Amino acid sequence: MTSPDADGFRLTVLNPGGRDQEQQFHDLRAPGEGAHPPINFHAFAACTRGAFHFSPRRAVAENTPVLLLLRSDFRASERALSELKKQGRTVAVSLKETGLHQIAQQLRDRAKLSRFMKIVAEADGCIATTPEAAEIYQRVRTKRDPATVTFIPTPYPVEDQRWNFSLPANEQSGIFIGTREWDVPSRNHFAALLVARQLCEATGEPVSVVNLDGHKGCRLLDELQFPRGKLRLIEKRKSYPDYLRDVARHRILLQLDRSCVPGQVAGDALLCRIPCVGGDSAIERIAFAKTCSEGRTITEIASIALDLLKNADLRAAVVAESQESALERLSFRAVRSQLSKFFCQLKGG
């Protein structure tokens, strides 16, 4: 598909029965503008100047191809697919929650599994935001053309300078912990905190961690006995721009997440222009290939993090490489082209 066609492509993302406010993305808003930031599945609508809806009727009225999200018990998604197909729309589907632990949790119910198998088989195609999810869709659609399933990472507006939250190196200090869930085994939050404590003791760098668990979370953190005055807690939810400003004040973002998620934490690091170390999300494997967890032990990740904390030039090199990879594969421009080509192929098929 030629560039003009890609530039003119619009996509409607439908989250049937969801709670997110409906939103038109006729242009990319600056940080803080609009009902929802252009991240995660909203980013697919935003990068194509499309729309995000929870009403199938309004999605039909957009007269564009549709990315249908599968959520809750999948009943609303099943009804929406039927309605969209009756109206002649080209429809690709995706689970809204696509970490491996999230997929397992959703599909352990027989009725939901049955609906999932039916929806995935009947849709025109599937868009996976992780390579692992793509493999699952492929195995469900064994009787369909393999080209009707694709992995497309969630995009980030790295090419728009309004979304550049970077700070000068002399204004950065410390480690930001990218995870916050103690009770999800694959997040490895406890292990990440132990590594951060070790790095703090070795370098004197402070550590910031999001704690939304109140006194329970504080008691758990107290048990880790971080050096006095070196642990900073973020205990209130913030707007996305304010959160990014917090992240950007740090030298590195550290996590040990093994959930195979799309990678919002790594996307946040891209917008903040800081290295993301230690996770295995789709975005990390693309943009932070030299610092992600793929093929590396926790000890190796800790060593990488230590080198980055000590060496500003090394941090700058990792950031430069991540931005180059992001512009090529994760930017709004790049993902719009991928979406355009995929839906053109589905329509042609």
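Residues numbered from 1 in each chain as written. Predicted model: local features only at pLDDT ≥ 70, side-chain atom pairs only at ≥ 80, totals over all residues. Heavy atoms only, no water.

Visitor: Account for the nonpolar core, naming residues and giving values.
Guide: Judged by nonpolar contacts, the single largest core of 75 residues is most densely connected at Val 13, Phe 44, Leu 67, Leu 254, Leu 339 and Phe 343. Not counting the four nearest positions on each side in its chain, Leu 254 is found in contact with Ile 175, Phe 176, Ile 177, Gly 178, Ala 192, Val 195, Ala 196, Leu 199, Val 277 and Ile 301. Core analysis: the second largest hydrophobic core is formed by 26 residues, Val 91, Ile 103, Cys 126 and Ala 128 among them. (Core = buried A, V, L, I, M, F, W, Y, C linked by side-chain atoms within 4.5 Å. Buried < 20%, exposed > 50% of the residue type's maximum accessible area, 1.4 Å probe, protein only. Contact = heavy atoms within 4.5 Å.)

Visitor: Just give me the short version of empty space enclosed by the protein, but keep the residues and values in it.
Guide: In this structure the tally under the stated criterion is one cavity of 30 Å³ or more. The volume enclosed by the largest cavity comes to roughly 40 Å³. As for the largest cavity, its lining consists of Gln 23, Phe 25, Leu 28, Arg 29, Glu 33, His 36, Pro 38 and Trp 163. A class-by-class count of the residues in the lining of the largest cavity yields four nonpolar, two polar and two charged. (1 Å grid on protein atoms, 1.4 Å probe; cavity = no way out; pocket = protein on both sides within 12 Å on 5 of 7 lines; lining within 4 Å. Points joined across faces, edges and corners; volume = space filled by probe spheres on them. Nonpolar A, V, L, I, M, F, W, Y, C, P; charged D, E, K, R; others polar.)

Visitor: Got a sec to walk through the layout of surface pockets? Specific residues and values, please.
Guide: Within this model, the largest pocket holds a volume of roughly 1,600 Å³. Lining the largest pocket are 49 residues, and of these Ile 39, Asn 40, Glu 97, Arg 180 and Gln 264 lie nearest its centre. Sorting the residues of the lining of the largest pocket by element identifies helix H2 (40-47), strand E4 (66-70), helix H5 (100-106), helix H10 (240-248) and helix H11 (264-272) as the ones contributing at least two each. Tallying contributions element by element places H11 first for the lining of the largest pocket, with four residues. Among the residues forming the lining of the largest pocket, the class breakdown is 15 nonpolar, 19 polar and 15 charged. (Helix = DSSP H or I, 4+ residues; strand = E, 2+ residues; numbered from the N terminus.)

Visitor: Give me the pairing of strand E9 (residues 207-210): which residues, what numbers.
Guide: A regular strand places its side chains on the two faces of the sheet in alternate fashion. Burial of E9 is two-sided: the residues Val 207 and Val 209 facing one way and the residues Ser 208 and Val 210 facing the other way are all buried. Two strands pair when backbone bridges link them, and strand E8 (residues 175-177) and E9 are joined in this way by two bridges, in the parallel orientation. Its bridge partner being in E9, Ile 175 is matched across the sheet by Val 207. Once you follow E8 into helix H8 (residues 189-203) and on to E9, the crossover reads as right-handed. Relative to strand E10 (residues 231-234), E9 is paired through four bridges, and the arrangement is parallel. (Pairing = 2+ DSSP bridges. Right-handed = clockwise from strand over helix to strand, strands pointing away.)

Visitor: Can you tell me about the pairing of strand E6 (residues 125-128), naming the residues and giving the values?
Guide: Residues Gly 125 and Ile 127 point to one face of E6 and Cys 126 and Ala 128 to the other, with burial holding for every one of them. Note: strand E5 (residues 91-95) against E6, two bridges, orientation parallel. Across the sheet, Val 93 pairs through a bridge with Cys 126, a residue of E6. Two elements, E6 and strand E7 (residues 149-151), share three bridges in a ladder whose sense is parallel. Each residue of the ladder has a partner; that of Ala 128, found in E7, is Phe 151. For the handedness criterion, the β-α-β arrangement of E6, helix H7 (residues 131-140) and E7 is classed as right-handed.

Visitor: Quick one: what's the story with the side chain of Thr 129, residue by residue and with numbers?
Guide: Tracing the sequence through the fold places Thr 129 in the loop between E6 and H7. For Thr 129, a relative accessible area of 0% translates into the label buried. A polar contact of 3.0 Å, which involves the side chain of Thr 129, links it to the side chain of Thr 98. Discounting chain neighbours no more than four positions away, the residues touching Thr 129 are Phe 41, Phe 44, Thr 98, Phe 151, Ile 152, Pro 153, Thr 154, Pro 262 and Ala 282. (Polar contact = N/O pair within 3.5 Å; in protein donor to acceptor, adjacent residues only side chain to side chain.)

Visitor: Any details on the sheet that holds E5? Residues and values, ideally.
Guide: Strand order in the open sheet formed by seven strands is E2-E3-E1-E4-E5-E6-E7, and the pairing between neighbours is mixed. The open sheet has two edge strands with one neighbour each: strand E2 (23-24) and E7. Across five bridges, E4 lies against E5 in parallel orientation. Looking across to E5, one finds that Leu 68 is bridged to Val 93. Across the sheet, helix H15 (residues 332-348) touches E4, E5, E6 and E7, and the angle it forms with E6 is around 160°. (Axes fitted to C-alpha atoms, helices over the stretch in contact; angles between N-to-C directions.)

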